[in-house]
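# Residue-level structural notes
Letter by letter, the chains look like this.
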Amino acid sequence: MPLLGSVPERLAANHYDVDEEESHIEVDQDAARRTQAGPLLERVCAARVYTSQPDGSVLVQAAACLECGTCLAVAPPGVLRWHYPRGGFGIAFREG
Amino acid sequence: MEDEAFDVVVVGAGIAGCVAAYRLAEAGHSVVLIERGSAAGAKNLSGGVFYCRVMEQVFPGFVRRAPVERVITRNCISMTNATSAVTVDYRDERLAEPVNAVTVLRARLDSWLAEQCEEAGVMVMPGVRVDELLLEGGQVVGVRAGDDELRARVVIAADGVNSFLARQAGIRPTEPLENLAVGVKSVIRLPREVIEERFSLTGDEGVAYAMVGDCTQGIAGGAFLYTNTASLSLGVVLRLDDLVASGRSSSEVHDHLLAHPSVAPLIEGGELLEYGCHLTIEGGPQMARRDLTRPGLMVVGDAAGLTLNTGLTIRGMDLAAGSAIAAATAADRALRSGDLSQRAMDVYRTELDGSFVGADLATYARAPHFLESALLYRDAGPLAADVLHGVFDHDLTPRRHLVGTARSAVKSSPVSAAQLARLGLSALRSL
């Protein structure tokens with residue numbers, strides 16, 4: 001067991017204003033399967049937003065996103081549609 | 001020109017955005033500062049050491065007035081291995097007089113900066129995401145946020161490392177992965193007295209650790225540990241090309257750091273306050289050679305790629321402030337003359353090149369290349385530990401002079417003496 005708890009436990013200590021109506025991340029599942037981007041996205045994301053599925057598709061837990069942009073930087077072109085959450089939503093750092 | 005609402009729109013209430021907005025409001029211009037977080041600082045995260053001398057130019061008495069954590073008077077540079085570490089521990093009271101660097105937590109610092117802006121007459125608009133620049137015939141004339149349009153004579157993009165505005169303007173193309181690194185950071189609560197005792201500090205003194213080697217599992221980049229007043233900022237910075245090639249997960253590398261024998265005793269008993277991550281730019285000097293302006297637009301701070309990693313110091317916030325001062329000077333001149341053309345915006349470039357920001361980016365132009373060496377992250381640490389092990393491990397074999405001990409350590413290392421000499425020479429010239 002990691003020293004400060006699992007990643008989901010750590011994220012639970014953060015403050016989020018979750019946007020229930022709109023996800024700021026969309027995956028083009030065909031492109032994800034074609035480029036096998038799932039395992040890569042799963043690894044690089046420190047918030048474990050992405051989970052690679054056996055069929056090559058990618059599950060997205062956008063509410064956990066820390067908005068760093070790493071996934072967008074490494075994803076093969078066409079796999080991700082990623083922008084920031086709407087104003088006032090998403091992670092709200094209290095320390096930073 | 002009839003519906004121009006503001007002289008300046010600044011996008012992003014980080015250090016660059018707040019400094020630019022404050023300066024321009026002080027100079028008598030109407031300024032709006034737009035921030036997508038629900039409050040300034042809500043989206044911002046930094047490692048935490050701020051070489052803050054530049055802030056005295058904007059906010060006299062900054063260190064006394066602003067919510068800073070501790071004054072860095074001790075710097076530790078550590079080469080970590082699985083079971084050993086070689087550390088240079090530099091402590092100097094001169095670093096506190098005058099104050100040179102402080103630790104900060106951005107949620108607190110940035111909201112203070114935004115308050116200063118408000119007091120200077122800036123209209124601060126939190127909770128608004130800017131979607132794009134408004135363009136008319138190649139001239140930037142404002143920004144669009146949802147259905148709202150805000151017109152301005154000058155737009156300053158301080159929207160951070162991912163700057164979608166700089167991308168839209170064609171200033172920031174898709175970055176190659178070797179130019180980027182992801183920082184994964186935990187803020188860990190520990191009682192003040194425990195921190196002072198554990199790190200041998202008194203009063204508001206603080207320490208900054210920079211670590212390379214096994215602490216990132218050999219991935220290019222490094223780890224850091226900074227003392228705040230009653231917490232520690234601890235994390236890894238992983239260059240994206242090497243992280244991808246390693247096949248490792250960023251959060252697991254961060255966990256490896258927490259459990260590392262050099263780190264675990266320092267955080268023992270701590271409680272997690274916050275877990276966050278942030279993208280940073282590694283190739284700062286190269287990035288800064290790009291253009292930073294369009295007619296009516298200037299790009300500052302992280303959005304412009306202004307960061308400097310020299311291996312020993314990691315800087316971004318001071319460059320953000322320096323670039324904002326340069327941009328504000330140019331914007332002020334442009335607004336007064338009414339010339340908002342490309343040529344007027346490029347005064348920012350001249351101001352920047354003439355400041356410490358331009359000078360330091362030029363001085364450290366070769367640092368990113370030096371920091372590409374795998375030698376640094378994988379082989380140098382074990383070698384240094386082997387030499388010292390040979391010195392301190394009295395196993396009853398006859399003692400040898402340092403040169404003999406070093407020679408046999410090099411012989412059993414995968415690194416050749418020539419490679420080492422080249423690395424050393426390159427360090428002296430690049431850093």
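Fair warning: this is a prediction, and the values are worked out from it, not measured in the lab.

### So, the overall build of chain A
Each helix and strand in chain A was counted, giving four helices and six strands. For chain A, the N- to C-terminal ordering of α and β elements is α-β-β-α-α-β-β-α-β-β. The C-alpha atoms of chain A give 14 Å as radius of gyration, which agrees with the globular expectation for 96 residues (12 Å, within 12%). Along the longest, intermediate and shortest principal axes, the C-alpha atoms of chain A span 40 × 35 × 20 Å. By residue count, 50% of the 96 residues in chain A fall in the buried class. Counting only contacts in chain A whose residues sit at least 6 apart along the sequence, the fraction spanning at least 24 positions is 67%. Carbon and sulfur atoms make up 50% of the accessible area of chain A, which amounts to about 4,500 Å² in all. Distance between charge centres in chain A, computed from 8 positive and 13 negative side chains, equals 7 Å.

### So, the environment of B:Tyr364
Position of B:Tyr364 relative to the elements: it lies in the loop between helix 13 (356-363) and helix 14 (367-370). Spatially, the C-alpha atom of B:Tyr364 lies 10.0 Å from that of B:Gln286, the residues being 78 residues apart in sequence.

### Quick look at the pattern of salt bridges
All names here are of chain A. Under the criterion given, the structure shown has 33 salt bridges over all chains. For Glu26, the salt bridge identified is with Arg81, shortest N-O distance 2.9 Å. On the criterion of sequence distance, the pair formed by Glu26 in strand 2 (residues 25-27) and Arg81 in strand 5 (residues 80-82) is long-range, its members being 55 residues apart. Given a relative accessible area of 41%, Glu26 falls into the partly exposed group.

### So, the interface of chain B and chain A
Every contact between the two is made by 51 residues of chain B and, on the other side, 38 residues of chain A. When chain B packs against chain A, close to 3,600 Å² is buried across both sides, 57% of that on carbon and sulfur atoms. Residue B:Lys43 is joined to A:Glu67 by a salt bridge in which the shortest nitrogen-to-oxygen separation is 3.1 Å. Inspection of the region where chain B meets chain A yields 27 residue pairs in polar contact (both at pLDDT 80 or more). If you list the elements that add at least two residues to the side of chain B that touches chain A, you get helix 3 (106-119), helix 4 (164-168), strand 11 (180-189), helix 6 (240-246), helix 7 (250-259) and strand 15 (271-281) of chain B. Considering every element that reaches the side of chain B that touches chain A, the biggest residue donor is strand 15 of chain B, with eight residues. Looking at the side of chain B that touches chain A, its residues break down into 23 nonpolar, 16 polar and 12 charged.

### A look at the domain arrangement of chain B
If you check the domain split of chain B, you get domain 1 (6-67 + 105-172 + 290-364), domain 2 (178-281) and domain 3 (373-429). Spacing between the C-alpha centres of domain 2 of chain B and domain 3 of chain B amounts to 26 Å.

### A word on the side chain of B:Asn81
All names here are of chain B. Along the chain, Asn81 falls in the loop between strand 4 (71-80) and strand 5 (85-91). Residue Asn81 is classed as buried on the basis of its relative accessible area, which comes to 9%. A polar contact is formed between the side chain of Asn81 and the backbone oxygen of Gly381, at a distance of 3.1 Å.

### Some thoughts on the nonpolar core
Residues and elements named next belong to chain B. By size, the foremost hydrophobic cluster in this structure holds 87 residues, and its most contacted members are Phe50, Phe62 and Tyr348. When residues in this core are grouped by element, the largest group, 13 residues, is from helix 10 (residues 317-337). Listed in part, the 68 residues of the second largest apolar core include Val207, Cys215, Leu258 and Met287.

### Quick look at the environment of B:Leu225
Residue and element names in this part refer to chain B. Counting through the fold element by element, Leu225 comes out in strand 13 (residues 221-227). The spacing of Leu225 and Val187 is 38 residues in sequence and 9.8 Å in space, taken between C-alpha atoms. Apart from the residues within four sequence positions on either side, Leu225 is in contact with Phe199, Val207, Ala208, Tyr209, Met211, Leu232, Ser233, Leu234 and Leu266.

### Structural notes on helix 3 of chain B
Residues and elements named next belong to chain B. The first and last C-alpha atoms of helix 3 sit 20 Å apart over 14 residues, in line with the 20 Å expected at 1.5 Å per residue. Residues Arg106, Ala107, Leu109, Asp110, Trp112, Leu113, Ala114, Gln116 and Cys117 constitute the buried set of helix 3. If you follow the buried residues of helix 3, they end up packed against helix 1 (15-26), strand 2 (31-34), strand 3 (49-50), helix 2 (62-65), strand 7 (123-125) and helix 10. Two residues or fewer after helix 3 comes Gly121, characterised by a positive phi angle close to 105°.

About the thresholds
Residues numbered from 1 in each chain as written. Chains lettered and ligands numbered in written order. Predicted model: local features only at pLDDT ≥ 70, side-chain atom pairs only at ≥ 80, totals over all residues. Heavy atoms only, no water. Helix = DSSP H or I, 4+ residues; strand = E, 2+ residues; numbered from the N terminus. Rg over C-alpha atoms; globule rule 2.2 N^0.38 Å. Buried < 20%, exposed > 50% of the residue type's maximum accessible area, 1.4 Å probe, protein only. Contact = heavy atoms within 4.5 Å. Areas by Shrake-Rupley, 256 points an atom, 1.4 Å probe, with all protein chains shown as cover. Lys, Arg positive; Asp, Glu negative; His and termini not counted. Charge placed at Lys NZ, Arg CZ, Asp CG, Glu CD. Salt bridge = Lys/Arg side-chain N within 4 Å of Asp/Glu carboxyl O. Buried area = accessible area lost by both parts, 1.4 Å probe. Polar contact = N/O pair within 3.5 Å; in protein donor to acceptor, adjacent residues only side chain to side chain. Nonpolar A, V, L, I, M, F, W, Y, C, P; charged D, E, K, R; others polar. Domains from an automatic or database assignment. Core = buried A, V, L, I, M, F, W, Y, C linked by side-chain atoms within 4.5 Å. Expected span 1.5 Å × (residues − 1).

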